[in-house]
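Summary of the model geometry
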Amino acid sequence: MTDDITAGSPASDTCLPGDGYVGDPAVRAEWDNRYADRQQLWSGRPNGALVAEVAGLPPGRVLDVGCGEGADAVWLARGGWDVTALEVSGVALERAAGHARDAGVAVRWVHAALTEAALPPASFDLVSAQYPALLRTPDAAAERALLAAVAPGGVLLLVHHAGMDTQQAHDSGFDPADYVWPSMVAALLTDDWKVEVNEQRPRLAPDGGAGAHHTDDLVLRARRLH
C-alpha cells in the first residue's frame, strides 16, 4: 500500500505508483500492458450508472475500486467527495493522477489490489466498483472486502456489464467463472443490509473507450444499516 489513507486531507500527488504496489505482480503486469497498448483506454467521462445513483447522496468518504484512468474519481472529487481511488495498474494511476492535477482536485491514490490494500474497515460512505475485474476465490475475499469497507449507513454501488457472467470461456483466456459478479455479492448480504437497487437496465454509456459496445448494466446498490 502506498499511502496512509487514514490521514487527513488528500493530495492529488500523493501515493503515486512506484515500488509500493501490494498485490499479485502478474495481475499488475497484465493491466499495465493493457493500458500501455493505448494512449487512452477509457472515455475520460464518469460512468453513467455512478452519476445516476450518486445524484441523491450527500458527499462523504468514497472508495473508487478499480479507478482506471480516474474519470470517476475526478468527477466525485469535483462533487465534494473525499476520494480514495484504488487501482492495480501503475500506468493507469499515473494517468489518473495527471487528470486530477489538471482538474485541480485532490484524490488519495492507492496502488494495490482490493484484497491486499488493508483498507480501514467500515469507513467509507460510498464504495463504488464500476465494472471491476475482481478475481473470484473460494473464500469470497473480494466480495467480503467490498462489504467490509462500507461504513454503517453507507452505500455499496456495484455495476457490471449484463450478460458477461453467463458467457462461455473465450479463446483469449477470459473465463467468467474467474471473476466476481453482482449476484455473488448480493448473496452475501445479511439483515445488516438493505438492497435499494438490484436490476438490469440500459447502460448510460459515455461515447468512446473500451466497453462502449455493452448495452445493459447490472446495478446493485445496497445500504449498510449497522
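Scroll up for the structure.
Throughout what follows, the structure given in this document is the object of discussion.

Thresholds, definitions, all that
Residues numbered from 1 in each chain as written. Predicted model: local features only at pLDDT ≥ 70, side-chain atom pairs only at ≥ 80, totals over all residues. Heavy atoms only, no water. Buried < 20%, exposed > 50% of the residue type's maximum accessible area, 1.4 Å probe, protein only. Helix = DSSP H or I, 4+ residues; strand = E, 2+ residues; numbered from the N terminus. Contact = heavy atoms within 4.5 Å. Phe/Tyr/Trp six-rings, centres within 6.5 Å; stacked < 30°, edge-to-face > 60°. Expected span 1.5 Å × (residues − 1). Polar contact = N/O pair within 3.5 Å; in protein donor to acceptor, adjacent residues only side chain to side chain. Salt bridge = Lys/Arg side-chain N within 4 Å of Asp/Glu carboxyl O. Pairing = 2+ DSSP bridges. Axes fitted to C-alpha atoms, helices over the stretch in contact; angles between N-to-C directions.

1. A look at helix H3 (residues 71–78)
In an α-helix, one turn spans 3.6 residues; hence positions three or four apart end up facing the same way. Taken together, the buried positions of H3 are occupied by Asp72, Ala73, Val74, Leu76 and Ala77. On the buried face of H3, the contacting elements are helix H2 (48–54), strand E1 (61–65), strand E2 (82–87), helix H4 (90–103), strand E3 (107–111) and strand E4 (124–130). Downstream of H3 by a residue or two, Gly80 has a phi angle that is positive, lying close to 95°.

2. Focus on the packing of aromatic side chains
Within this structure, the stated rule accounts for one aromatic pair. Centroid distance Trp31 to Tyr35: 6.3 Å. Interplanar angle 45°. Geometry classified as tilted. In this pair, Trp31 and Tyr35 both sit in helix H1 (residues 25–36), four residues apart, roughly one turn of the helix. On the basis of relative accessibility, which here comes to 2%, the residue Tyr35 falls in the buried class.

3. Re the side chain of Asp72
Along the chain, Asp72 turns up in helix H3. Beyond its immediate stretch of four places on either side in the chain, Asp72 contacts Pro46, Asn47, Leu50, Asp64 and Gln130.

4. A look at H4
An ideal rise of 1.5 Å per residue puts 20 Å on 14 residues; H4 measures up with 20 Å between its terminal C-alpha atoms. For H4, the set of buried residues is Gly90, Ala92, Leu93, Arg95, Ala96, Ala97, Gly98 and Ala100. Those residues of H4 that are buried lie in contact with H1, H3, E2 and E3. Measuring from the backbone nitrogen of Val91 back to the side-chain oxygen at the start of H4 gives 3.3 Å, which picks out Ser89 as the cap. Of the residues one or two after H4, Gly104 is the one with positive phi, at around 70°.

5. So, the environment of Ala140
Looking at the secondary structure, you find Ala140 in the loop between E4 and helix H5 (141–149). Considered as a pair, Ala140 and Val180 are 40 residues apart in the sequence and their alpha carbons are 8.5 Å apart.

6. Quick notes on the pattern of salt bridges
This structure, assessed with the given rule, holds nine salt bridges. The partner of Arg221 in a salt bridge is Glu53, and the shortest N-O contact between them spans 3.2 Å. Residue Arg221 is located in strand E7 (residues 216–224), and its partner Glu53 is located in helix H2; the two are separated by 168 residues in the primary sequence. Of the two residues, Arg221 and Glu53, neither departs from the other in class, the shared state being buried. Three or more residues joined by partner-sharing salt bridges are found here, namely Glu53, Glu196, Glu199, Arg201, Arg221 and Arg223.

7. Describing the sheet that holds strand E5 (residues 150–161)
Taken in spatial order, the seven strands make up an open sheet running E3-E2-E1-E4-E5-E7-E6, and their pairing is mixed. Two strands close off the open sheet at either side, each with one partner strand: E3 and strand E6 (193–202). Each neighbouring strand pair of the sheet contributes to a mean axis angle of 15°, computed without reference to strand direction. Strand direction decides the pairing type here: E2 and E3, joined by five bridges, are parallel. By the bridge assignment for E3, Val83 is matched with Val107. Seen against the sheet, H3 touches E1, E2, E3 and E4 and runs at an angle of roughly 175° to E2. Along the sheet, H4 makes contact with E2 and E3, crossing E3 at roughly 175°.

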